[in-house]
Amino acid sequence: MSTVLVTGGAGYIGSHACKALAIAGFTPVSYDNLEHGHAEAVRWGPLEQGDLADRARLDAVIAQHRPVAAMHFAAYAYVGESVTDPGKYYRNNVVGSLSLLEALRDHGIRACVFSSTCATYGVPQQLPLTEDHPQQPINPYGASKRMVERMLADFDAAHGLRSMSLRYFNAAGADPDGETGEGHDPETHLIPLVLDAAAGKRPHITVFGTDYATPDGTCVRDYIHVSDLADAHVLALRALLEGAATTAYNLGNGQGFSVREVIDCAQRVTGREVPAVLGPRRAGDPPTLVGDATRIRRELGWSPRLADLDTIIATAWRWHTRLDAGNR
Ligand code: UDP
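Just so you know, the residues in each chain are numbered from 1, in the order the chain's sequence is written. Given that this is a predicted model, residues contribute local features only at a pLDDT of at least 70 and side-chain atom pairs are listed and counted only at 80 or more, while totals for whole chains, interfaces and linings are drawn from all residues. For side-chain calculations, the full set of non-hydrogen atoms in the structure is used, while hydrogens and water are omitted.

Moving on: the overall build of the chain. Working definition: helices are DSSP H or I runs of at least four residues, strands are E runs of at least two. Numbering for both runs from the N terminus. Of the regular secondary structure elements, the chain holds 10 helices and 14 strands. Type-normalised accessible area, obtained with a 1.4 Å probe on protein chains alone, sets the label of each residue: buried when under 20%, exposed when over 50%, and partly exposed for intermediate values. In the chain, which comprises 328 residues, the share counted as buried stands at 53%. Here, two residues are considered to be in contact whenever any of their heavy atoms come within 4.5 Å of each other. Of the contacts formed within the chain by residues at least 6 apart in sequence, a portion of 78% connects residues at least 24 apart. Methods summary: accessible areas were calculated by the Shrake-Rupley approach with a probe of 1.4 Å, and residue burial reflects only the protein chains presented. Carbon together with sulfur atoms contributes 50% to the accessible area of the chain, which is approximately 13,300 Å² in total. For the purpose of charge, His is not counted, nor are the chain termini; Lys and Arg are scored as positive and Asp and Glu as negative. Think of each charge as sitting on NZ of Lys, CZ of Arg, CG of Asp or CD of Glu. Between the mean site of the 30 positive side-chain charges and the mean site of the 38 negative ones, the chain shows a separation of 2 Å.

So, in structure tokens, the structure goes:
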């Protein structure tokens with residue numbers, strides 16, 4: 001059975017990708033320093049604890065497991081923190097990725113699926129965003145991901161390391177079977193915070209800005225189910241293993257929902273009230289982000305199974321309430 005090195009395999013999206021890999025017949029080897037990841041989220045293959053920057057550890061893990069490819073998720077991902085502490089982001093996300101890429105190069109691994117982001121585009125010049133939109137990130141997080149995309153292109157040209165960079169819109173939801181889910185600390189994302197408010201774990205959700213040029217004045221985002229993201233990673237991996245060229249794909253559902261619509265949907269799905277407090281804008285938030293994922297649908301046959309917002313929130317809610325039951 002072919003092995004795939006999954007950096008950040010103990011994290012939110014990485015753990016869902018490990019499940020999808022296992023279903024597809026691969027053995028995922030999670031490489032994670034467990035700073036933000038959870039050891040108990042690693043259920044579909046071995047866990048190897050280590051830092052991206054620890055080249056000797058990476059070499060030992062790769063030599064032991066002999067992966068045919070890598071999926072690279074390990075990164076810091078708090079936009080606000082990246083603005084106040086950019087060095088932390090460039091060191092881990094860029095320098096750490098360089099360490100990984102050099103290890104892949106030196107071990108003759110020729111395929112890498114990279115966890116990128118729509119934050120590499122910056123403020124949209126037109127919507128929905130397509131892959132050829134200029135990449136002008138407006139925060140160090142987006143810039144760090146953009147730099148890794150560039151390094152990957154250069155490593156292909158020089159060393160034949162082919163890659164697919166998947167630019168996600170807003171990852172949300174949890175494994176429909178309830179086997180893994182979202183667990184950030186601190187939590188900053190809208191849907192888990194809304195569900196905390198629904199569960200009474202937080203007194204309310206604060207709506208960041210109500211004066212945007214959007215239909216109801218709140219920010220509009222394109223929410224994509226994490227399991228649909230995971231499936232896309234497996235398709236990208238298979239394509240690379242069959243010889244596909246380096247490229248980048250958007251991953252979104254192409255439909256935008258406002259913060260108010262998310263809150264309304266969560267109230268409907270959970271049957272609970274979600275108290276909302278109207279607050280000021282959060283720095284660095286573009287009014288609307290919606291992605292066009294036509295290319296990955298056409299070229300890799302990706303088709304989301306859980307695109308409906310009610311379904312996305314329902315799976316997240318099931319995971320949320322499962323945690324309450326003390327099962328984790
Ligand atoms: N948001 C909000 N209140 C919160 C957290 C987020 O109003 O407590 C808004 C945020 O301004 C953005 C949307 O919800 O417009 C999604 O934010 P999230 O942090 O989940 O994802 P991002 O779009 O930053 O990747």
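Moving on, we come to the sheet that holds strand S11 (residues 247-251). Taken in spatial order, the 7 strands line up as S3-S2-S1-S4-S5-S6-S11 in an open sheet, and their pairing is parallel. Lying at the two open borders of the sheet, with one neighbouring strand each, are strand S3 (47-49) and S11. Ignoring which end each strand starts from, the neighbouring axes of this sheet average 20° apart. The criterion for strand pairing is that DSSP finds at least two bridges linking the strands in question. Here strand S2 (residues 27-32) pairs with S3 via 3 bridges, running parallel. The angle between two axes is taken between their N-to-C directions and runs from 0 to 180 degrees, where each axis is a line fitted to C-alpha atoms and a helix contributes only its stretch in contact.

The sheet built from 3 strands is open, its strands ordered S12-S9-S14 with mixed pairing. The sheet is open, and its two edges are formed by strand S12 (257-258) and strand S14 (288-289), each paired on a single side. Sheet topology places strand S9 (residues 220-221) next to S12; 2 bridges connect them, and they run antiparallel. Residue pairing in the sheet places Arg221 in a bridge with Phe257 of S12.

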